[in-house]
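Chain by chain, the residues run as shown.
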Amino acid sequence: MPHFDIVTNVMILNSVSILSSVFQVVAECLAKERKRLIMLPVCSIFLIVTGYVLFAISYLAFESSLAINISVGLAIVGTIFVSVNWWENYSTLFAVSFLEDISRDIAQSRNVVCIISSLVRILVTSAVVGAYVPLSGQEWKLVKLVFETVVVSLVAIQIASSALCRWFVVVACKMHALRRSFVLPMYLASITVLAVFLVPTTVRLPKSNQTSTCFDNFQPKSSDEWLLLMLTDAIRTLNTRDIVVHKKTGGLVCLGCSALSWWLGLMLSTVYIWYLKIHRIERTQDLFVRRMYEGAFLEQSMLLNTRFEIRKRIKEKNAKETIRVFLCATMWHETYDEMMKIIISMFRLDKYRPKTKEQHDVEFEFHIYFDDAFKDVDNGRHANEYAEILVDVIKEDPCTFKQKAALPRQKIINTPYGGRLEYTLPKGNLMMVHLKDKTLIRHKKRWSQVRLIKDPVKTQIQNILPRTSLIIFLTDSTSKNKENTYILALDGDTDFQPSAVMLLIDRLKLYPEVGAACGRIHPTGTGPMVWYQKFEYAVGHWLQKTAEHVFGCVLCSPGCFSLFRGAALMDNNVMKRYTTKASEASHYVQYDQGEDRWLCTLLLQQGWRVEYNAASDAYTNAPQDFKEFYNQRRRWGPSTMANTIDLLGSGGLTSQRNSSISKLYILYQIISMAASILGPATICLMISGKVFRNIYLNKKKINMPPIVYLILCFKLKSDTQIKIAAIMSILYAFLMAGTILSIIGDLVKQKTFLTPSGLFLIGMVVLYIITAALHPQEFSLVIYGLLYFLCIPSGYLLLVIYSIVNLNNVTWGTRETGSQAKTTTVDTIKKKVMNATCCKCPCLESEDLSEKTLPDNFTLTLQSSPVCFHAVLLFFFLQVTFAFFFCNALWLVATFFLQAIGDSISIKIPKIYPNGTYDPTEVFSLDPIALMFLLSFTVLLLMQFVAMLYHRIYTLIHFVAYADTEIKSYRKQSHQSHQVSQWITHKIMTF
């Protein structure tokens with residue numbers, strides 16, 4: 001290449017597509033379908049060969065010499081050899097087992113192959129340079145000068161620009177901007193570069209410079225001078241050619257035609273990319289054959305690396321596959337407004353994907369499972385008032401649309417579990433309301449979900465759904481129906497848009513290893529408790545869920561809005577365990593108190609991936625009073641801890657089975673779990689000033705209220721415990737306000753904000769503000785951040801104590817009515833256990849307590865076992881309570897002990913002022929545990945922040961891709977329907 005001009009060097013790189021064109025011709029000849037595109041690669045081969053011929057003529061006929069002849073031959077042979085680089089793109093098109101085996105082996109060890117090949121290239125390039133310098137008669141001194149001044153900078157620029165270009169190409173393909181943001185820029189890249197270098201040729205160089213080398217008379221000192229020198233040297237390669245100096249028309253025509261032929265040949269050999277039909281957020285490995293790119297000819301490598309066979313794959317998929325989504329909404333005691341939300345959402349989805357004879361990409365079917373839908377009356381069991389409200393809502397809902405549709409047709413069917421209502425929605429989709437009678441079938445949310453997906457062997461289960469519905473797809477002998485069948489789990493008050501469902505479908509449709517995907521849950525309601533939960537949900541989704549998604553897998557896909565793959569749910573090791581009756585106290589905490597988290601734990605342990613999509617928004621009602629909030633979190637907290645411990649306990653086996661969960665991710669979850677367990681003690685230390693020693697609330701008795709509350713929780717009823725917690729939450733809010741003011745006052749006193757407490761507080765505030773700014777639609781939630789901070793002791797200290805002490809409380813806690821089950825405190829259990837005997841349990845004879853406090857499966861356990869289950873429950877409760885509070889006590893004692901020792905083991909931090917100066921006589925002292933807490937928490941926050949940035953980028957990519965495809969398609973269909981309606985109206989009026 002040093003012997004050629006700038007035009008040849010830029011355009012000859014386009015000839016590396018010659019072998020790809022040959023492979024395309026062979027592939028088209030072997031294909032059974034019509035060979036309409038075979039002429040394009042044939043023309044490409046012809047143009048590239050023509051370019052070689054004209055290139056050889058322009059040099060051999062007009063400037064022939066031994067060095068030129070050798071360079072021309074090497075250039076042609078070299079480009080042909082380079083074109084072999086993309087043979088994998090066509091290996092699967094030929095029935096050659098040898099090539100298929102090599103491709104499979106390379107794919108399995110892709111990373112190792114890339115590393116070894118890169119090292120070999122470096123060695124070969126170094127050897128070529130080492131041999132070329134003495135053979136060309138140059139001095140190493142000149143090479144060293146060029147390397148130190150130019151090569152290092154150019155290599156850094158080349159690496160950065162190539163990596164960014166490749167990433168933007170991937171983004172463009174995922175966003176469905178294939179033509180305008182990938183193919184077209186790649187085609188114009190060579191022309192643009194050539195134009196940049198050819199424009200200055202209008203100014204002829206002095207004759208003294210036309211024959212001199214670039215370093216003979218000029219030694220640049222700055223980067224601008226180096227840039228000018230490089231541009232001048234590039235222009236010199238063209239201006240010193242004989243055909244340019246003497247204006248030989250024949251040579252110039254050969255030069256221009258060869259460049260044009262190569263460029264057109266590249267375009268024709270990659271024109272198939274222009275017509276690719278790819279999915280939204282298409283997988284990178286399905287877009288490109290090789291993970292690496294060639295930096296020397298980036299645009300050619302990106303074009304030729306695009307998979308050739310993906311055109312046929314997508315064509316076959318679009319022609320055959322249809323995704324069937326079954327919406328499973330569970331209801332209990334929802335209000336009229338809450339029912340209206342879920343019904344309106346279902347009607348929206350019915351309008352979005354009407355039921356027609358034509359095959360669609362997605363079909364929907366709606367199911368509502370109504371727990372405890374019957375009540376006792378004089379002449380038998382009748383539907384209760386909540387079921388009647390639901391029927392009224394369904395009949396009223398079509399009126400909410402602009403164009404009033406006909407009321408859904410209703411069918412009433414008796415079933416062994418109660419009854420079923422069938423509706424045909426205005427757009428043709430089917431909706432079923434399953435009214436469950438708890439005297440005939442097990443109730444509660446988990447068993448409603450089991451009824452939907454369990455194997456329909458028993459007659460009772462067969463009557464739950466028609467044989468043409470979900471059970472046929474999930475129990476089919478082939479796995480295809482299971483793979484293409486999804487279940488959308490919903491709560492009875494969930495509000496969502498069709499776009500939210502489609503975004504979740506994309507995740508499962510493109511990634512076969514994904515077993516479940518959840519969206520962004522927004523709590524709705526009014527009042528301080530809802531404001532607190534809005535910021536809590538926001539932080540949990542912004543940072544925690546995104547970190548889980550990026551670093552490993554999401555641990556909990558909430559049951560209020562999550563999409564599950566049928567094949568994942570029907571996995572024997574998943575469904576068999578999910579339908580297990582809780583026979584032990586620990587099982588009850590893990591199984592029924594948080595059924596959505598337990599289901600995700602089973603999926604992860606079986607090797608399925610759980611993901612989070614931030615653009616998929618859903619809205620659900622949140623508890624608005626303090627008691628309901630505490631009772632809800634009393635279920636969630638122990639369940640979260642139990643499932644996480646279960647997952648970490650099998651971390652080694654899970655990481656082997658699940659490719660998305662690594663040992664580092666297990667370590668991350670261990671640290672997070674340790675922080676959660678030690679949360680109460682950490683809050684006590686923060687308030688008492690043991691973490692931030694420079695605040696003014698360091699009093700000896702500041703930790704007594706939590707201890708008193710802990711003792712009271714063992715003695716008082718749960719309602720009384722919540723009332724005390726509400727009062728203490730208000731008092732702790734004042735203490736937290738004092739903590740903030742004391743930290744600010746200390747910063748003013750110290751005349752610097754570069755203190756441990758100051759940096760921690762300011763860093764958290766800045767991090768949350770930046771995070772909120774990256775979620776512009778939710779930025780207003782920052783206002784509730786102050787309330788969240790003031791309520792930290794209530795949410796992470798008092799609530800944890802209440803949850804641990806009330807592990808025995810088995811009620812649901814939310815939407816309880818007058819017929820709700822009575823709760824049992826530990827004090828009541830103790831009294832009954834003391835009177836129990838090995839063969840007889842008096843607690844079963846008094847008030848029928850087991851039926852009120854425990855589910856029916858526990859009743860079976862009590863009847864079949866001679867040991868009183870209350871004793872087992874009490875033993876489990878004492879174990880958990882002792883272990884939990886013992887760990888917190890150790891944390892407190894260790895911190896107080898290190899604090900009492902004094903400065904001998906404290907870590908000294910110099911006092912630094914904002915201007916950069918520091919006073920060596922003034923230092924801040926931190927005990928090792930406090931410093932470990934600050935550093936660990938800071939590292940976790942920074943990791944979550946980085947994960948959030950990565951997740952935001954790909955969420956934006958997914959949303960833009962959806963807006964560019966789904967919304968346009970929907971608008972096009974609406975426009976066509978409107979045109980048809982206008983045409984029919986016109987015909988009627990004309991008639």
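Structure: above.
Conventions and cut-offs
Every chain is numbered on its own, with residues counted from 1 as its sequence reads. Under the rules for a predicted model, residues below a pLDDT of 70 receive no local features and side-chain atom pairs below 80 are neither given nor counted, while totals for whole chains, interfaces and linings still include all residues. With hydrogens and water excluded, all non-hydrogen atoms of the structure serve as input to the side-chain values. Note on conventions: DSSP H or I runs of at least 4 residues are helices, E runs of at least 2 residues are strands, and numbering of each starts at the N terminus. Between buried and exposed lies partly exposed: a residue is buried under 20% and exposed over 50% of the maximum accessible area for its type, with that area taken using a 1.4 Å probe on protein chains only. In what follows, residue pairs with any heavy atoms lying within 4.5 Å of each other are defined as contacts. Accessibility throughout is a Shrake-Rupley quantity obtained with a 1.4 Å probe, and a residue counts as covered only by protein chains that appear here. Definition used in this section: a nonpolar core is a set of buried Ala, Val, Leu, Ile, Met, Phe, Trp, Tyr and Cys residues joined via side-chain atoms within 4.5 Å. A patch consists of residues exposed above 30% relative accessible area that lack any salt bridge, with like charges linked at up to 9 Å and nonpolar side chains (Val, Leu, Ile, Met, Phe, Trp, Tyr) linked at up to 5 Å. Salt bridge, as used here, is a side-chain nitrogen of Lys or Arg placed within 4 Å of a carboxyl oxygen of Asp or Glu. Stacked, tilted and edge-to-face are the three classes assigned to paired rings of Phe, Tyr and Trp, where Trp is represented by its six-membered ring and a pair needs centres within 6.5 Å; plane angles under 30 degrees give stacked, over 60 edge-to-face, the rest tilted. By the convention used here, strands pair only if DSSP detects at least 2 bridges between them.

*Asks:* I'd love a proper account of the overall build of the protein, names of residues and values included.
*Replies:* Helices and strands together make up the secondary structure of the protein, namely 42 helices and 14 strands. Counting over 991 residues, the protein shows a buried share of 50%. A separation of at least 24 residues holds for 76% of the contacts in the protein among residues at least 6 apart in sequence. In the form shown here, the protein has an accessible surface area of approximately 47,800 Å², with 65% of it arising from carbon and sulfur atoms.

*Asks:* Hey, could you go over the nonpolar core for me, with residue numbers and the actual values?
*Replies:* Formed by 102 residues in total, the largest nonpolar core has its most connected members in L543, Y630, Y709 and I801. Beyond its immediate sequence surroundings of up to four residues, Y630 is in contact with I722, A725, S729, S794, L798, L799 and Y802. Ranked by size, the runner-up nonpolar core spans 57 residues in total, among them I368, L425, M502 and V514.

*Asks:* Account for a nonpolar patch on the surface, with residues named and values stated.
*Replies:* Residues F753, L759, I762, V766, I770, L774 and L949 make up a contiguous nonpolar surface patch of roughly 540 Å² in combined accessible area. Within the secondary structure, I762 sits in helix α35 (residues 756-773). Take I762: its relative accessible area is 36%, and that puts it in the partly exposed class.

*Asks:* Which residues make up the environment of I901, and what are the values?
*Replies:* Examined against the element boundaries, I901 turns out to sit in helix α41 (residues 869-901). By relative accessible area, which is 38% here, I901 ends up partly exposed.

*Asks:* Account for the packing of aromatic side chains, with residues named and values stated.
*Replies:* Counted under the stated rule, the structure contains 25 aromatic pairs. When the ring of F882 is compared with that of F886, the centres are 5.4 Å apart and the planes differ by 20°; the resulting orientation is stacked. Linking F882 with F886, this pair stays in helix α41, spanning four residues, or about one helical turn. With a relative accessible area of 59%, F882 lands in the exposed category. Judged by its relative accessible area of 42%, F886 is partly exposed. Each member of the aromatic cluster is reached from another via a ring pair, and the members are Y532, F535, F626, F629, Y630, Y768, Y788, Y796 and Y802.

*Asks:* So what about the pairing of strand β1 (residues 323-331)? Which residues, and what values?
*Replies:* Here β1 lies mainly inside the structure; nine of its nine residues are buried. The alternating pattern of β1 places I323, V325, L327, A329 and M331 on one face and R324, F326, C328 and T330 on the opposite face, and all of these are buried. As judged from the nine bridges shared by β1 and strand β2 (residues 362-370), these two strands associate in the parallel manner. Paired with V325 across the strands is F364, a residue of β2.

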